[in-house]
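This is what each chain is made of:
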Amino acid sequence: MDNLALWQRYQDWLYYDPDLEFYLDISRIEFDEAQIEELKPKFDKAFKDIEALEGGAIANPDENRMVGHYWLRDPDLAPTPELKQDIIDTNNSVLEFTHKVHTGEIHPPSGGKFTDILSIGIGGSALGPQFVAQALAPNDAPLKIHFVDNTDPQGIDKVLFGIDDLSTTLVSVISKSGGTPETRNGMIEVKKVYQDRNLDFAAHAFAITGKSSKLEAIAEREGWLAIFPMRDWVGGRTSELSPVGLVSAALQGIDIKQMLQGAKEMDALTRKPSLKDNPAALLALAWYCAGHGRGEKDMVILPYKDSLLLFSRYLQQLIMESLGKEKDLDGNVVNQGIAVYGNKGSTDQHAYVQQLREGVNNFFLTFIEVLEDRTRDFVEIEPGITSGDYLKGFLLGTRTALNDKDRGSITITIPKVNERIVGALIALYERGVSIYASLVNINAYHQPGVEAGKKAAASVLEIQKKVMEVLKNASSPMSLAELASEAKINEETQYRTKLEKEARKRVS
């Protein structure tokens, strides 16, 4: 496409909202008016789906659940007065708890104030809080945050080693059911360290969990500092603006009211039933056309700002867990999904941009441009040029170089990285996922593949228990076949769990 045609296309398709100072440019994604006309009935249905979802319809039929993360930032939209009041009361309780911690009214048993937070959670209970902490936590945050987000013992040890004083560290345990193995394991490991140091774990801990969950029962029985709710109508990957993300953000000194406000404003923009007036619909259009409605191209997220480094990891779960589905809503096998990866600019100039420009054309890029350079005095690297000018130059140069090779891209431009804008970005992508899911007729709110993995893991652990029991009672070395027979394990499981090495080590 020549420069004149690209300029005209840019003018035709540029979206701008003056209140958020937010730009979305999809002009470098290939589509034409015939495709737009063909997709019009799908978008009309998607807009109706949004209205029904926000009205309290069962949007997750597999689990017979409503999907209400939109109500979190605008309680007036909640379908019942009880739900509205519950959201308001919960947000107030988060702010009240934060105030008491910051002022020292809630304090460590030894006195003084809490200085750190150790957040134990996995998936949506970690990725959102990690992204927001990286993006928004001030350098002089009242509490510094640390994360246990895996069941790797060495990883847990390293996190704990990085905390100066556990006696002044709050512990947040996040699990809707209270039975998530990784979170449970992390809690048990951390609790033992507290006990080994003669510290009262309950006097340092608070829970974020579902009503009547195993974790709620533990927290109540042991007398933890607080319990915040995880609701069954909020999925993990859309939970950042629930207590899952809000409590830790507020404790770090992040303005959660502004995060909620930014999300509310973006929700209003993405509720409009008009393609060109709805930034999330434009985003979904670009994704659909880039991958021909079948996810044939990967999504590369490239923010040109260090504080947005973890945005691509956050979006991996939001997009891939929501859209990666074997079957559509009619039961047809469709194998949908969009693979997401990314890092940051201009680091990627020296990493994988080489392949993006000259290798296999199996992706589209999303550039995220931040207009604010820095808040303090500028440093001129060359006369009239700052480091930020170089960053902007790398973004524009990379986009042009890719466009010259017919590599499609989207550009999002934001004024700065602050609470309101981060809230808006979260809401934008949540709605983009909803609209795209409607376009391809899938359920964006369940995760059968994740559940299958959990069941398989449980099966492997059960087999391990049987094997260990046999080995404990063995009086002499056993062959793999003998071990499998004694533990009643079939040949397929033998191969899958690779028990031979363990058996030889234990009985030799």
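Structural data are supplied above this passage.
All values reported here derive from a predicted model rather than from experimental measurement.

*Asks:* Describe the overall build of the protein chain, listing the residues and the values that go with them.
*Replies:* A count of helical and extended segments in the protein chain gives 18 helices and 15 strands. Computed over the C-alpha atoms, the radius of gyration of the protein chain is 25 Å, within 12% of the 23 Å expected from 2.2 N^0.38 for a compact globule of 508 residues. Dimensions of the protein chain, computed from C-alpha atoms along their principal axes, come out at roughly 80 × 60 × 55 Å. Contacts in the protein chain between residues far apart in sequence, at least 24 positions, make up 73% of those at least 6 positions apart.

*Asks:* Any details on the sheet that holds strand E11 (residues 340-342)? Residues and values, ideally.
*Replies:* Whether parallel or antiparallel, the strands of a sheet pair through hydrogen bonds between backbone atoms. Spatial strand order, E1-E2-E15-E12-E10-E11: six strands in an open sheet with mixed pairing. Single-partner strands in this sheet number two, and they are strand E1 (15-17) and E11. Mean inter-strand twist for the sheet, computed between neighbouring axes without regard to direction, equals 15 degrees. Two elements, E1 and strand E2 (residues 22-28), share three bridges in a ladder whose sense is antiparallel.

*Asks:* Can you lay out the sheet that holds strand E7 (residues 169-175) for me, pointing to particular residues and giving the numbers?
*Replies:* On the basis of which strands lie adjacent, the open sheet formed by five strands has the order E6-E5-E7-E8-E9 and parallel pairing. Of all the strands in the sheet, just strand E6 (144-148) and strand E9 (226-229) have a single pairing partner and so form its edges. The average undirected angle you get between the axes of adjacent strands in this sheet is 20 degrees. Both strand E5 (residues 116-120) and E7 contribute to a ladder of five bridges, which runs parallel. Within the sheet, the bridge partner assigned to Ser119 lies in E7 and is Ser172. The strands touched by helix H6 (residues 181-196) within the sheet are E5, E6 and E7, with E7 carrying the most contacts at an inclination of about 160 degrees. Its contacts with the sheet place helix H8 (residues 243-251) against E5, E6, E7, strand E8 (205-209) and E9, and it is angled at close to 150 degrees to E8.

Each value, and the rule that gives it
Residues numbered from 1 in each chain as written. Predicted model: local features only at pLDDT ≥ 70, side-chain atom pairs only at ≥ 80, totals over all residues. Heavy atoms only, no water. Helix = DSSP H or I, 4+ residues; strand = E, 2+ residues; numbered from the N terminus. Rg over C-alpha atoms; globule rule 2.2 N^0.38 Å. Contact = heavy atoms within 4.5 Å. Pairing = 2+ DSSP bridges. Axes fitted to C-alpha atoms, helices over the stretch in contact; angles between N-to-C directions.

From the geometry alone we can't say anything about function, so treat these as descriptive.
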